[in-house]
Amino acid sequence: ALLEEVGGGSDQWFIEWQIALRAEPEFTDCTETGSSVACNVAYGDDFFYTQVAGEPQKSKIAGSIVDGRFVGSEFPPPAGLASIEAELRVWIQETHPELESELYGTPSHLADIKMTRESGELRMELLEEFLEARELEAMALGDPDSWTWVRFEGADVGLPEERAELEVTAMAHGDGIFVMVGYRQLSGEADGFVESPVIRVSGDAGSWSAVDMAAAEPGEGLYSVAYGSDGFVAVGESGGDAIGSPPMGAGVVWTSPDGSEWTRQMPEEWASFVPRSVVSTVEGDYVAVGATGLLRASVWRSSDGVSWSEVAVFEDAEFIGFEDVAAGTGGVVAVGSRKGGETRQGLVVHSSDGTSWTEVSLDSGAFPVSTSASNVEVDGSGGFVAVGSDLETETRAAVWTSPDGLNWTRRQVESANSFVYMGDMVTIPGTSMTLVSGALAEADQPWVESGALWRVAVSDGSASLVPLTVSEDISFGTWVTVVAASETQFVAFGYDGDGESWGDIVVWTASAQ
């Protein structure tokens, strides 16, 4: 009732705005000097700005008594209101631009806030969504130097202890869970001979659950997994011998709408095709790349992960194959290599829609003989970054960048180690930060020295591999092989041994808090 009296009829819209925001103010410690009155104001717990700030909102009010009615002369907003509204407006512009004119404009007393009952009611309707967005942003992964790391031994989080029991080839995040795929090796083997496929799922990477793979055939392994509009799609090879080595088997697909229940698919079209990588496009389709034997590399497309159509074929007289594929607003890019005689060179193909494909001309010298790309990822600006190897350089490492998937620039790699073995890549969602997994070795050693994670920093024609540093008890072990990320958590998988052997399974996680 007191609030309804503040300002009189001329500012009725201001009063209605506060009522809609559930201000419920309590006026205390009032003092009177003649006809002037000043009070402290404490707003209720349900007040919009109290809920956003997470703490009580306070103000003061001053005015005078005129004809028995209080007329306010000073009623400043709570201290945090202006900053909350600035943040809210940016969020509205990004998520609900059509509502901006309903929340900002006249009539207004402050920061162009439209102070009407309708504006207040709309703020309350958006409150829960806005709070969820703020919480997600607060948890978002920022500077890796501020991350909090946790290291798990495989046996402590529901995974096998040794590498022979689980070779992880890829991870993906979607629908609030992480999915890792790979294969179990034949008993006593540790060099790629496959016994059975493996899928593990986790909500936080601190505990992994096994998926029932009873429907799999002997000698089946999985290479890649992606999350898209129809859920998770994992692809691999069934009936092969050693993973990635001829004679190859047939392509196999495992699909799941939510990561909990999986169905095995054996597309008839893949009787002689083995997919190496799969990705979900911005249009919602899935694209898989791989090879048929050694002489025929191809691209396949599916709307649901079950039925597939071959959309592009690339052939060579001696060897040609794809290793990875990435998709973003700049289209879809697949990378690999081709070989002729004693030379090897990179292979890059691009599509704007996942259906029509063009091999990128490498005449620019970005992919000279002796180089090939093994992994490609969309960067935070909509372009692409690829990593691979160059047998003619001291580090053996190579990095390329492209703004559109068609025009590529070779970046000179800067690293303190003689050999840099680069593996998997991921760009943290919502950022421009691309991380690469791998290992380091000295030139005179036949085995890796230590695992590593790098941030790719491109500047002035070079690509610095900025190492992520962790404490000694976290240690990146012998080799970091596979990585994945959500907006709030980074996950890496690898091994920790003595250099000559990869050793036991390790999972690393990092978060902003």
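Look a little higher up for the structure.
Residues numbered from 1 in each chain as written. Predicted model: local features only at pLDDT ≥ 70, side-chain atom pairs only at ≥ 80, totals over all residues. Heavy atoms only, no water.

A. The arrangement of the nonpolar core in detail. One finds Trp17, Leu21, Phe48, Tyr49, Ile61, Leu88 and Leu126 to be the most contacted residues of the largest nonpolar core, which totals 32 residues. Elements supplying a minimum of two residues to this core: helix H2 (12-20), strand S2 (36-42), helix H3 (48-53), helix H4 (81-95) and helix H6 (117-139). (Core = buried A, V, L, I, M, F, W, Y, C linked by side-chain atoms within 4.5 Å. Buried < 20%, exposed > 50% of the residue type's maximum accessible area, 1.4 Å probe, protein only. Helix = DSSP H or I, 4+ residues; strand = E, 2+ residues; numbered from the N terminus.)

B. Representation of the environment of Gln18 within the structure. With respect to the helices and strands, Gln18 occurs in helix H2. Judged by its relative accessible area of 3%, Gln18 falls in the buried class. As a C-alpha pair, Gln18 and Phe47 span 29 residues in sequence and 8.6 Å in three-dimensional space.

C. Region of interest: the state of the cysteines. Overall, the coordinates contain one disulfide when judged by the stated rule. The disulfide that involves Cys30 links it to Cys39, with 2.0 Å between the sulfurs. Note on the Cys30 and Cys39 pair: the S-S dihedral is about 115 degrees, so by sign convention the disulfide is right-handed. On the basis of relative accessibility, which here comes to 10%, the residue Cys39 falls in the buried class. (Disulfide = S-S within 2.5 Å.)

D. Layout of the sheet that holds strand S12 (residues 250-256). Taken in spatial order, the four strands of this open sheet run S10-S11-S12-S13, and their pairing is antiparallel. Looking at which strands have only one partner, the edges of the open sheet turn out to be strand S10 (221-228) and strand S13 (263-265). Adjacent strand axes in the sheet meet at a mean angle of 25 degrees when their direction is disregarded. Sheet topology note: the S12/S13 ladder contains three bridges and is antiparallel. Looking across to S13, one finds that Trp254 is bridged to Arg264. (Pairing = 2+ DSSP bridges. Axes fitted to C-alpha atoms, helices over the stretch in contact; angles between N-to-C directions.)

E. Region of interest: the packing of aromatic side chains. A complete count under the given rule lists 24 aromatic pairs for this structure. For the pair Phe232 and Trp262, a centre-to-centre distance of 6.2 Å together with 35 degrees between the ring planes defines the contact as tilted. Here Phe232, found in strand S11 (residues 231-238), pairs with Trp262, found in the loop between S12 and S13; they are 30 residues apart in sequence, far enough to count as distant. Judged by its relative accessible area of 0%, Phe232 falls in the buried class. The class of Trp262 is buried, set by a relative accessible area of 10%. Ring centres 5.4 Å apart and planes at 85 degrees place the aromatic pair Phe493 and Tyr495 in the edge-to-face group. Both residues of the pair, Phe493 and Tyr495, count as buried. Among the aromatic residues, ring-to-ring pairing joins Trp13, Phe14, Trp17, Tyr43, Phe47, Phe48, Tyr49 and Phe75 into one connected group. The ring centre of Tyr104 lies 4.3 Å from the NZ or CZ of Arg89, which sits over that ring. (Phe/Tyr/Trp six-rings, centres within 6.5 Å; stacked < 30°, edge-to-face > 60°. Lys NZ or Arg CZ within 6 Å of the ring centre and 35° of its normal.)

F. Representation of the side chain of Thr255 in the model. Within the secondary structure, Thr255 sits in strand S12. Using a relative accessible area of 12% as the deciding quantity, one classes Thr255 as buried. Those residues in contact with Thr255 that lie beyond four places of it in its chain are Phe232, Val233, Glu261, Trp262, Thr263, Gln265, Gly305 and Val306. (Contact = heavy atoms within 4.5 Å.)

G. Quick peek at the pattern of salt bridges. Under the defined criterion, the tally for this structure stands at 15 salt bridges. The residue Arg89 makes a salt bridge to Glu100 at a minimum N-O spacing of 2.9 Å. Here Glu100 lies in helix H5 (residues 100-103) and Arg89 lies in helix H4, a separation of 11 residues in the sequence. Among the residues examined, Arg89 registers a relative accessible area of 25% and is labelled partly exposed. Between Arg301 and Asp285 there is a salt bridge, with the nearest N and O atoms lying 2.5 Å from each other. Taken together, the residues span a long stretch of sequence, with Arg301 in strand S16 (residues 296-302) and Asp285 in the loop between strand S14 (274-280) and strand S15 (286-292) at a distance of 16 residues. Asp285 sits in the buried class, given a relative accessible area of 13%. What emerges from the salt-bridge pattern is a single network uniting Arg89, Glu100 and Asp112. (Salt bridge = Lys/Arg side-chain N within 4 Å of Asp/Glu carboxyl O.)

H. Layout of H4. Over its 15 residues, H4 extends 21 Å from the first C-alpha to the last, a length consistent with the 21 Å expected when each residue adds 1.5 Å. Those residues of H4 that fall on the buried side of the exposure criterion are Leu81, Ile84, Glu85, Leu88, Trp91 and Ile92. Down the axis of H4, the buried side of the element spans an arc of 125 degrees, and every buried residue falls inside it. (Expected span 1.5 Å × (residues − 1). Arc of directions from axis to C-beta.)

I. How the structure looks around the pairing of S11. Taking burial as the measure, the eight residues of S11 include eight buried ones, the bulk of the element. Pairing between S10 and S11: seven bridges, direction antiparallel. Across the sheet, Ser224 pairs through a bridge with Val235, a residue of S11. With antiparallel pairing between neighbouring strands as the criterion, S10 and S11 make up a hairpin whose turn holds two residues. Two elements, S11 and S12, share seven bridges in a ladder whose sense is antiparallel. When the bridges of S12 are listed, Val235 appears paired with Val253.

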